[in-house]
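Close look at the chain arrangement
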Amino acid sequence: MSKALIGRHAEKTILDMLVAGSAPQLVAILGRRRVGKTFLVRTHFSGQITFECSGTIDGNTISQLANFSEQLNIYFKMNLPAAPVNWQQAFIMLEQGLANTLPGEKKLLFFDEFPWLDNHRSGFLSAFSYWWNMHGSQRTNTIVIICGSAASWMINRVVNNKGGLHNRITQRIHLLPFTLAETAAYLQSNRVKLTNFQIVQLYMAMGGIPHYLDAILPGMSVEQVINSTCFDKNGRLYGEFDNLYAALFSHPEKHIQLVKLLAAKQSGLTRNEIVTAIKKLTSGGGLTKALDELTESGFVYRINPYGNKVKEAVYRLADEFTLFYFRFMAKASGEAKEWNSMLPTNAFTQWSGYAFENLCLKHIELVKKALGIAAVYTEQSAWRIKGTAEVKGAQIDLLIDRADNCINLCEIKFSAAPFMISKKYADELLQKEQAFRLKSKSRKAIFNTIISPYGVIKNEYFVQRVQSIITMDDFFS
């Protein structure tokens, strides 16, 4: 495992500015399991943490208080004869420990796995809220960082808290998976040498999760990595799906139903389409809440349609591992599988197209950079129209509407070789452009853009229909 802190430049800049400031800060770091929240804080603030504690999963109040007491003894040399009897007393002891530190020095407190500290009727959150409001927020040199993988808890109980922590979070950081460039740098730091295309393939299956990437050893091929991590019963990702959603969401049954539904719909679904489909599967409330939590956690994209018609917003599955799981792993039924045997199948073709589209959407800023419009204000959207007697149906998964009076209609094609435009495909591009022009009534210049790993063969049909090309190398800059 890499011991260096790869990437995270924006997050480190934010944290440094907060620490350098002269106001008390309550920072919430959100992010999925295994994304590197704890590693970011511990590594970036190595030697600067005044006090740290962590919740333990399924630990009762007595054990959590005992662990808290142990940390007080370690950080403040308090030699407490016994653990506090409740959280109110625990925070009184914390204040006593802080009182013995140098008055002018920064006091950086880190509460890891924050949701696990607040087990049933423990009183932790109310005690923490009281301590922050009465003590922590009254000192200009106090920085408190809280983080946790339980996304639904962090969103509902901290970010959207209606009680003592209402509007108390001064900075919210959503730690995302690595980009492709960060993934390449992380693998390189682990002495893993792969081509850009191989990294793209692994990213499409595993995403940029550091813990997942640690399973890739030097000298392993893409096929070996996927076979050993996903289909071997001892593999790191073999039982990850159930653990992932159980850690993220309370009662994750609805969340799992939603991602399973979206995994089968490459074009995505509107909220109304989701509601209709879910009602056929199960009854009960909580659909809107679950969908919002998945979106907030980065597992689902919400893509506004061209023209920003909110009711027509499309939701699509964004998490690479979840998509891979439902397309291949969930269907394995416990039988040994070889990744090579799945490559020539229709299932692979459909999955790779979906996964590569997601990769492009996640790197939209690099798409804009490659187009030379990084400084131009843009709005990204999707567009689709059902066929009628007047015009054929058409769909555009990525439309970049530019403030410079232009629009890029992006076609995303996954291929292990340069993509070749046939006459049939050239006619389809023209039909989409004409359908969009007719329906949208837009007078902007329209440019057809193709995004494909190895680019496009420049034949006569390319010259006729395509204005710009983006390759996978543009995503590694």
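For the structure, see preceding data.
Each value, and the rule that gives it
Residues numbered from 1 in each chain as written. Predicted model: local features only at pLDDT ≥ 70, side-chain atom pairs only at ≥ 80, totals over all residues. Heavy atoms only, no water. Pairing = 2+ DSSP bridges. Helix = DSSP H or I, 4+ residues; strand = E, 2+ residues; numbered from the N terminus. Axes fitted to C-alpha atoms, helices over the stretch in contact; angles between N-to-C directions. Contact = heavy atoms within 4.5 Å. Core = buried A, V, L, I, M, F, W, Y, C linked by side-chain atoms within 4.5 Å. Buried < 20%, exposed > 50% of the residue type's maximum accessible area, 1.4 Å probe, protein only. Salt bridge = Lys/Arg side-chain N within 4 Å of Asp/Glu carboxyl O.

Spatially, the 5 strands line up as an open sheet ordered β2-β3-β4-β1-β5, and their pairing is parallel. Looking at the sheet topology across the chains shown, the edges are occupied by β2 (51–54) and β5 (171–174). For this sheet, the mean angle separating the axes of adjacent strands, direction not counted, is 15°. Bridging between strand β1 (residues 25–30) and β5 involves 4 bridges; their strand directions are parallel. Pairing of I29 across the sheet is with I173, part of β5. Sheet strands touched by helix α3 (residues 61–76): β2 and β3 (107–112). Its angle to β2, the strand with the most contacts, is close to 160°.

Right, let's talk about the nonpolar core for a bit. Core analysis: the largest hydrophobic core is formed by 103 residues, its most contacted members being I145, I274, F324, W351 and I451. Excluding residues that lie within four positions of it along the chain, W351 makes contacts with Q201, M204, A205, L323, F324, R327, F328 and W339. Grouped together as the second largest cluster of nonpolar side chains are 35 residues, F114, L117, W131 and A150 included.

The next subject is the pattern of salt bridges. For the coordinates displayed, the defined rule picks out 14 salt bridges. For R32, the salt bridge is made with D319, and the minimal N-O distance between the two is 2.3 Å. Of this pair, R32 sits in the loop between β1 and α2 (37–44) while D319 sits in the loop between β8 (314–317) and α16 (320–329); the two residues are 287 residues apart in sequence, bridging distant segments of the chain. By the burial criterion, R32 is buried, and D319 matches it. Across the pair E95 and R139 runs a salt bridge, and its minimum N-O distance is 3.0 Å. Of this pair, E95 sits in helix α4 (residues 87–99) while R139 sits in the loop between α6 (124–134) and β4 (142–148), and the two are 44 residues apart along the sequence. Since its relative accessible area comes to 16%, E95 is described here as buried.

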